[in-house]
Amino acid sequence: MTLTGVTKATKPYEGQKPGTSGLRKAVKVFQQENYTENFVQCILSAMEGALHGCTLVVGGDGRFFGKEAVAIIIKMCAANGVRKLLVGQNGILSTPCVSCIIRKYKTAGGIVLTASHNPGGPNADFGIKFNISNGGPAPDGVTNKIYGLSQSISEYKICPDLQCDISKIGTQEYVVDGNPFTVEIVDSVKDYVEYMKEIFDFGAIKDLLHGAGGQPPLKVLINSMHGVTGPYVRRIFLEELGASEDCVVNIVPLEDFGGHHPDPNLTYAADLVNALKAGDYGFGAAFDGDGDRNMILGHKAFFVTPSDSVAVIADNTDCIPYFKKNGVKGLARSMPTGCSIDRVAAKKNVEVFEVPTGWKYFGNLMDAGRLSICGEESFGTGSDHIREKDGIWAVLAWLSILGVKKTTVEKALHNHWQTYGRNFFTRYDYENCEADPCNAMMAELDALSNDPSMIGKELSHGSKTYKVAKVDNFEYKDPIDGAVAKKQGVRILMSDGSRVVFRLSGTGSSGATVRLYIESYESDPSTYAKDAQEMLKPLVEIALQLSKLRERTGRQEPTVIT
Ligand code: VG1
Ligand code: CO
């Protein structure tokens, strides 16, 4: 079919600035005339010379407005000189799978339709992320360029008559303005599942689930929260690993995630927590909307903080074929993430990096061969097998460890603390606050970093006293390309290694979300089994008073405690 691209006039929209990971706004914002088209055009224009004749990957978490966005992207790529698109069937591809496909087929990048852990549906959120040719989220340099273009855009290119059925796997060929244009609809899970089978020993995981060598079977409960991981969980856990149907729940992706936040934490995945508390399962896991986050629970809902989860994986790489083959080059975490992984790096004598919040900061280190395993406190865990965090990978890593070490989740954690001590960690989220007072609070906290009277100051609550060693607003210089990211969160570092961190979220779609991160380290084994909330309470209270957070936000309690 011969088609023609046309140029349409448009006007800039304010605020098309990608945040921590992509542009996230209410669906109604994306539905405004040309809003989505403007942003897609800016992504394509930002590719400059790499655009013409390239191949791109397109897919998302199946949320409301996803299919409409895919149709727009196909028509616009056709008119912008893209040669080929690899599109997930029905527009479904998890974020880690997009990364996997970009790398496997060496495409120029990919467009991911997701607002990740934000709720979906006509009255909730939509989002668009751009990933570059290494498979990772676009770095600041690229997103700044996209934002810059969005402020002056005056036209976009589209091929309005192009029709494409994304429900059937196969190739559709077009001629657009005299040039061939191909859309290949791909199986949403195939490439990803094949890769997982290379990375892990599925036979060993199968033995763990079914019981072998005198070990009883491990009963698992996997909750996809009606996000994109459903089809991956079906293929991997039911078909490949032979788990029974009652081991998986919510595996049908829904456009509104069943009306819930597809966010795997103790608050929003409460049904998983409650199911595990009942005691029938030895292992539980949940994922977020786009499949890059994970929460790991043990028997009776024993909670693994994500900061510890990545440290345990890094400490047990001998259980995973991929690392046995490739070795472990370095480790990393985002700044607010608890420091347990630093201790593993020290013991293993490998480099450890502390980067700003957001997976995009890990990519350069991986590409340079200096980073193998990394994580974020926000339920993000991953490795250099792709360039995104990867929820299912994390679960398979855990199951590999439990199988090889013949241990339980709880024992693995206690064993870890016996070796390294315990980094107690908690995060308080105050979601959807008024922006102005939160900005004012951050400005005041920032000012503390220039206040010499802070150093050595004693801060007390009850019988606990902490002495301030340093206050700063985190700044990161990428060791590979020298790019500098400033003001990434105010840190109050105490003389005993405890930390208080304040940040504003960069993934909300309206208002401001304040994140308060608290960490302290204990090497006294009698504390290891203690409740993190109880242990950290004095430091939380000190942080709340110092920042006047309750007064500023008008909130007595956080929305979510992790
Ligand atoms: C949050 C997390 C951050 C994560 C980001 C994207 O960002 O804190 O660690 O990388 O979400 O995750 P923020 O700016 O809201 O704190 V995802 O799964 O929403 O793509
Ligand atoms: Co996500």
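Residues numbered from 1 in each chain as written. Chains lettered and ligands numbered in written order. Predicted model: local features only at pLDDT ≥ 70, side-chain atom pairs only at ≥ 80, totals over all residues. Heavy atoms only, no water.

Draft legend 1. Quick look at the overall build of the protein chain. Secondary structure summary: the protein chain contains 18 helices and 27 strands in total. Compactness check: the protein chain gives a C-alpha radius of gyration of 23 Å against a globular reference of 24 Å for 562 residues, within 12% of the reference. With the principal axes as the frame, the protein chain shows a C-alpha extent of 75 × 60 × 40 Å. For the protein chain, the residues scored as buried account for 58% of the 562 residues in total. Pairs at least 24 residues apart make up 71% of the contacts formed inside the protein chain by residues separated by at least 6 positions. With the model as given, the accessible surface of the protein chain reaches about 21000 Å², and the carbon-plus-sulfur share is 48%. Seen as two clouds, the 60 positive and the 66 negative side-chain charges of the protein chain have centres 3 Å apart. (Helix = DSSP H or I, 4+ residues; strand = E, 2+ residues; numbered from the N terminus. Rg over C-alpha atoms; globule rule 2.2 N^0.38 Å. Buried < 20%, exposed > 50% of the residue type's maximum accessible area, 1.4 Å probe, protein only. Contact = heavy atoms within 4.5 Å. Areas by Shrake-Rupley, 256 points an atom, 1.4 Å probe, with all protein chains shown as cover. Lys, Arg positive; Asp, Glu negative; His and termini not counted. Charge placed at Lys NZ, Arg CZ, Asp CG, Glu CD.)

Draft legend 2. Highlighting the sheet that holds strand S12 (residues 248-249). Pairing in this open sheet of four strands is mixed, and the strands run S12-S11-S13-S14 from one edge to the other. The open sheet is flanked by S12 and strand S14 (294-298), the only strands paired with a single partner. The pairing of strand S11 (residues 220-223) with strand S13 (residues 283-287) spans four bridges and is classified as parallel. Considered in S13, the bridge of Leu221 is made with Gly284. (Pairing = 2+ DSSP bridges.)

Draft legend 3. Geometry of the coordination of the cobalt ion (ligand 2). Protein-derived coordination of the cobalt ion (ligand 2) comes from Ser116 (OG), Asp288 (OD), Asp290 (OD) and Asp292 (OD), at a distance range of 1.9 to 2.1 Å. For the cobalt ion (ligand 2), the donor residues sit on a single chain with the sequence spacing S-x171-D-x1-D-x1-D. Comparing Asp288 with Asp292, the two get one shared label, buried. (Donors = N, O, S within 2.8 Å, 3.2 Å for Na, K, Ca; no water.)

Draft legend 4. Spatial organisation of the pairing of strand S6 (residues 109-113). With five of its five residues buried, S6 lies for the most part within the structure. Burial along S6 is two-sided: the residues Gly109, Ile111 and Leu113 and Gly110 and Val112 are all buried. In terms of strand pairing, strand S4 (residues 55-60) meets S6 through five bridges, oriented parallel. When the sheet's bridge partners are listed, Val58 is paired in S6 with Ile111. Two strands pair when backbone bridges link them, and S6 and strand S7 (residues 125-131) are joined in this way by four bridges, in the antiparallel orientation. Looking at the pairing, Gly110 lines up with Asn131 of S7.

Draft legend 5. View of helix H15 (residues 409-420). Counted at 1.5 Å a residue, the expected span for H15 with its 12 residues is 16 Å, and the 17 Å between its end C-alpha atoms agrees. Those residues of H15 lying buried are Val409, Ala412, Leu413, His416, Trp417 and Tyr420. Projected down its long axis, H15 carries its buried residues within an arc of 135°, all on one side. When the buried face of H15 is taken as reference, the exposed residues oriented beyond 90 degrees from it are Lys411, Asn415 and Gln418. (Expected span 1.5 Å × (residues − 1). Arc of directions from axis to C-beta.)

Draft legend 6. Here's a closer look at unusual backbone geometry. With phi around 50°, Glu48 is a residue other than glycine that occupies positive phi space. By the element assignment, Glu48 lies in the loop between helix H2 (35-46) and S4. Since its relative accessible area comes to 54%, Glu48 is described here as exposed. The residue Asp177 is not glycine, and still its phi comes out positive at about 50°. With respect to the element layout, Asp177 can be found in the loop between strand S9 (170-176) and strand S10 (179-186). With a relative accessible area of 41%, Asp177 lands in the partly exposed category.

Draft legend 7. Representation of the domain arrangement of the protein chain in the model. According to the domain assignment, the protein chain contains domain 1 (2-188), domain 2 (191-420) and domain 3 (422-561). Relative placement of domain 1 and domain 3: their C-alpha centres are 36 Å apart. Taken together, domain 1 and domain 3 are joined by zero salt bridges. In terms of residues, the side of domain 1 that touches domain 3 owes the most to one element, strand S3 (residues 23-26), which gives three residues. (Domains from an automatic or database assignment. Salt bridge = Lys/Arg side-chain N within 4 Å of Asp/Glu carboxyl O.)

Draft legend 8. Examining the site of ligand 1 more closely. Residues in contact with ligand 1 amount to 20 residues; listed here are only the nearest, Thr20, His117, Ser378, Gly506 and Thr507. Taking His117, its side chain carries an N or O atom lying 2.6 Å from an oxygen atom of ligand 1. Within the side chain of Glu376, a nitrogen or oxygen atom sits 2.7 Å from an oxygen atom of ligand 1. Grouping the amino acids of the shell around ligand 1 by side-chain chemistry returns no nonpolar, 10 polar and 10 charged. (Near = heavy atom within 4 Å. Polar contact = N/O pair within 3.5 Å; in protein donor to acceptor, adjacent residues only side chain to side chain. Nonpolar A, V, L, I, M, F, W, Y, C, P; charged D, E, K, R; others polar.)

Draft legend 9. Looking closely at the pattern of salt bridges. Tallied over the full model, the rule gives 35 salt bridges. A salt bridge links Lys104 to Asp191; its shortest N-O distance comes to 2.8 Å. In this pair, Lys104 is assigned in helix H4 (residues 95-104) and Asp191 in helix H6 (residues 190-199), connecting sequence segments 87 residues apart. Classification of Lys104 as partly exposed rests on a relative accessible area of 39%.

Draft legend 10. Just the environment of Thr381, in detail. For Thr381, the position within the fold is in strand S18 (residues 380-383). Along the sequence, Thr381 and Pro306 sit 75 residues apart, while their C-alpha atoms lie 7.4 Å from each other. Leave out the neighbours within four places in its chain, and Thr381 touches Asn294, Ser309, Val310, Ile313, Trp359, Cys374, Gly375, Lys389, Asp390, Trp393 and Ala394. Here Asn294 takes part through its side chain, which lies 2.9 Å from a polar atom of the side chain of Thr381.

Draft legend 11. Inspection of the packing of helix H12 (residues 340-348) against H15 at higher detail. Relative orientation of the contacting elements H12 and H15 amounts to 60°, with a least axis distance of 11 Å. Here the hand of the crossing between H12 and H15 comes out left-handed. Where H12 approaches H15, its residues Arg343, Val344 and Lys347 are matched on the opposing element by His416, Thr419 and Tyr420. Considered class by class, the residues forming the contact of H12 with H15 number two nonpolar, two polar and two charged. (Axes fitted to C-alpha atoms, helices over the stretch in contact; angles between N-to-C directions. Left-handed = near helix turned anticlockwise from the far one by under 90°.)

Draft legend 12. Structural detail: the side chain of Asn316. As for its position among the elements, Asn316 is in the loop between helix H10 (306-315) and helix H11 (321-326). Only 2.9 Å separates the side chain of Asn316 from the side chain of Lys405, close enough to count as a polar contact. Residues within four places of Asn316 in sequence aside, it is in contact with Ile401 and Lys405.

Draft legend 13. Layout of the nonpolar core. Phe200, Ile236, Phe237, Phe283, Leu396, Trp398 and Leu399 are the most contacted members of the largest nonpolar core, which has 73 residues in total. Counting residues per element, this core draws most heavily on helix H14 (residues 391-405), at 10 residues. Shared between two domains, this core holds at least three residues of each, these being domain 1 (2-188) and domain 2 (191-420). Residues within four places of Leu396 in sequence aside, it is in contact with Met196, Phe200, Phe202, Ile205, Ile236, Phe237 and Leu241. (Core = buried A, V, L, I, M, F, W, Y, C linked by side-chain atoms within 4.5 Å.)

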